[in-house]
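Examining the three-dimensional arrangement
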Amino acid sequence: MPVTPRSRRIIRNAALGLFGAQCAAAGTLMAVDAVRKQRANPPEFPLSETMEAHAGDDQLSVYGYGAPLFDDMIEAIESAQHSVYFETFIWKADPVGQRFKDALIAAAERGVDVHVVYDVFANLVVDPRFFRMPDTVHVKRHPLFQSAAFWRLRNTGRDHRKLLVVDSRVAFVGGFNIGARYSHDWRDTHARVIGPTVAELENAFVAYWNLRPAHLLPNLPSWKPSTKPELPAVKNRNWQGQIAIQRNTPRWAVYPIRNMYLEAIDRAERNIWLTTAYLIPDEDFRTALGRAVDRGVDVRIIVPAESNHVVADWLSRGFYSGMLRDGIHLYLFRGAMVHAKTATIDGVWSTIGTANLDRLSLLGNYEVNAEIRSHEVAAVLERLFLTDQSNCTELELEHWESRSLLAKATEILLAPWRPLF
């Protein structure tokens, strides 16, 4: 039966009405959340000391708190003799951000080869004057748009990576952005690596720096002609290490981090303990976790009780009932934003990196995760997980399903937005 003009108008108006309702709901949630944040108490959560572990020939330091991490990152930059590769998603123009900027400039002025990458979109609220650097600092800005074909997924990914490599000797990778709030107010996880895997993290930076997206738009403010020389290839990379560096690269349409997780979950026999800032899993991911529970695996996930993105919270909550029915244990972290992207499985396998458990990270953004097979590292992450769990409220199915009809309706209304997050 052909669609009549009247039917088309009804469909169009219904679609516009639904979209309007979704926008109104999201706007209301963000307004209420802004008021909540103004009234919130200062963040408070249990602190874990920096812990040391080995993975083969690599020595790792695992940080659960920003202040000591930033001190060690600055110390590495200040001691640099040859090269500094620095990449971040968010870089605040506050005292902590300025401290990093000053250290990078000082390193360049004493002859160190300094290369810096930051994401333009993530820093739109930062005064652009903050990112003005002397010519001695080589800067690559991940642009707002990478191609005229902006509707293609491979051209829309943000640079969500957080990476520092100094003198091919020491590297840092994890979830911490750069800024004062991340120094004290957020719970996140980062790792310092000393050993052969530094070459793999350095290669991750070099590969991104040398990436040349096609069909750039010269009329965009964030665009500059590609006149930067390529960095030399990293040599002496290790084939035999216990750490593999997994990189999502939208330009190449390559997303190994999702597969890394699915393979590890499929192997699990004892426990799967995950911590993520945003939990918006796809159907395959949910199914893999449910099947692990059916095998008798202890599956636990820590998420923020209230994250910094309220709409993402509501999209995530739409999954809670099904996951709880599957036997997955959900823990809500109280008193602060937990932003870590970590997992540990069976006391053997672990990951520390930048990718959240959502579409944007697993099938959208530039990300980097260290995949680690080490009993020592797994033990460290288990201790860190249990410390975090002590600051959580476990979500019970009966209590969760007693939430208001308005809350349930809002989750259903916003559900079509899940593929965007």
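For the structure itself, consult the block above.
Notes on the structure follow.

Rules used in this analysis
- Residues numbered from 1 in each chain as written.
- Predicted model: local features only at pLDDT ≥ 70, side-chain atom pairs only at ≥ 80, totals over all residues.
- Heavy atoms only, no water.
- Helix = DSSP H or I, 4+ residues; strand = E, 2+ residues; numbered from the N terminus.
- Buried < 20%, exposed > 50% of the residue type's maximum accessible area, 1.4 Å probe, protein only.
- Polar contact = N/O pair within 3.5 Å; in protein donor to acceptor, adjacent residues only side chain to side chain.
- Contact = heavy atoms within 4.5 Å.
- Pairing = 2+ DSSP bridges.
- Axes fitted to C-alpha atoms, helices over the stretch in contact; angles between N-to-C directions.
- Core = buried A, V, L, I, M, F, W, Y, C linked by side-chain atoms within 4.5 Å.
- Domains from an automatic or database assignment.
- Salt bridge = Lys/Arg side-chain N within 4 Å of Asp/Glu carboxyl O.

**Quick notes on the side chain of Arg300**
Counting through the fold element by element, Arg300 comes out in strand β12 (residues 298–304). In this structure Arg300 comes out as buried when scored by relative accessible area, which is 16%. Looking at Arg300, its side chain comes within polar contact range of the side chain of Asp298, at 2.8 Å. Among the polar contacts made by the side chain of Arg300, one reaches the side chain of Gln389 at a distance of 2.9 Å. Once residues lying within four places of it in the same chain are set aside, the contact partners of Arg300 are Ile272, Trp273, Leu274, His329, Tyr331, Phe385, Leu386 and Gln389.

**Side note on the sheet that holds strand β13 (residues 329–333)**
Here eight strands make up an open sheet; going across it, the order is β10-β17-β16-β15-β11-β12-β13-β18 and the pairing mixed. Looking along the sheet, the strands with just one partner apiece sit at the ends: β10 (243–248) and β18 (392–394). For this sheet, the mean inter-axis angle between neighbouring strands, taken without regard to orientation, is 15 degrees. Pairing analysis gives five bridges linking strand β16 (residues 349–353) to strand β17 (residues 367–373), with the strands arranged antiparallel. Across the sheet, residue Ile352 finds its bridge partner in β17, namely Ala370.

**Describing the nonpolar core**
Core analysis: the biggest nonpolar cluster contains 84 residues, and Trp91, Phe100, Ile272 and Leu289 have the highest contact counts within it. At seven residues, the largest contribution of residues to this core is made by helix α3 (residues 95–109). When residues of this core are assigned to domains, at least three fall in each of domain 1 (50–210) and domain 2 (243–420). For Ile272, the contacting residues outside a window of four places in its chain are Ile265, Leu289, Ala292, Val297, Asp298, Val299, Arg300, Thr344 and Ile345. Within the second largest apolar cluster, 35 residues are counted, among which are Phe205, Trp209, Leu211 and Ile243.

**A short note on the pattern of salt bridges**
Following the criterion strictly, the structure yields 15 salt bridges and no others. In this structure, the salt-bridge partner of Glu87 is Arg161, at a minimum N-O distance of 2.9 Å. Of the two residues, Glu87 is situated in strand β3 (residues 83–88) and Arg161 in the loop between β5 (137–142) and β6 (163–166); the sequence distance between them amounts to 74 residues. As far as burial versus exposure is concerned, Glu87 and Arg161 are alike and both buried. A salt bridge links Arg158 to Asp119; its shortest N-O distance comes to 3.3 Å. One end of the pair, Arg158, is in the loop between β5 and β6; the other, Asp119, is in strand β4 (residues 113–119), and 39 residues separate them in sequence. One network of salt bridges, in which partners are shared, links Glu87, Asp159 and Arg161.

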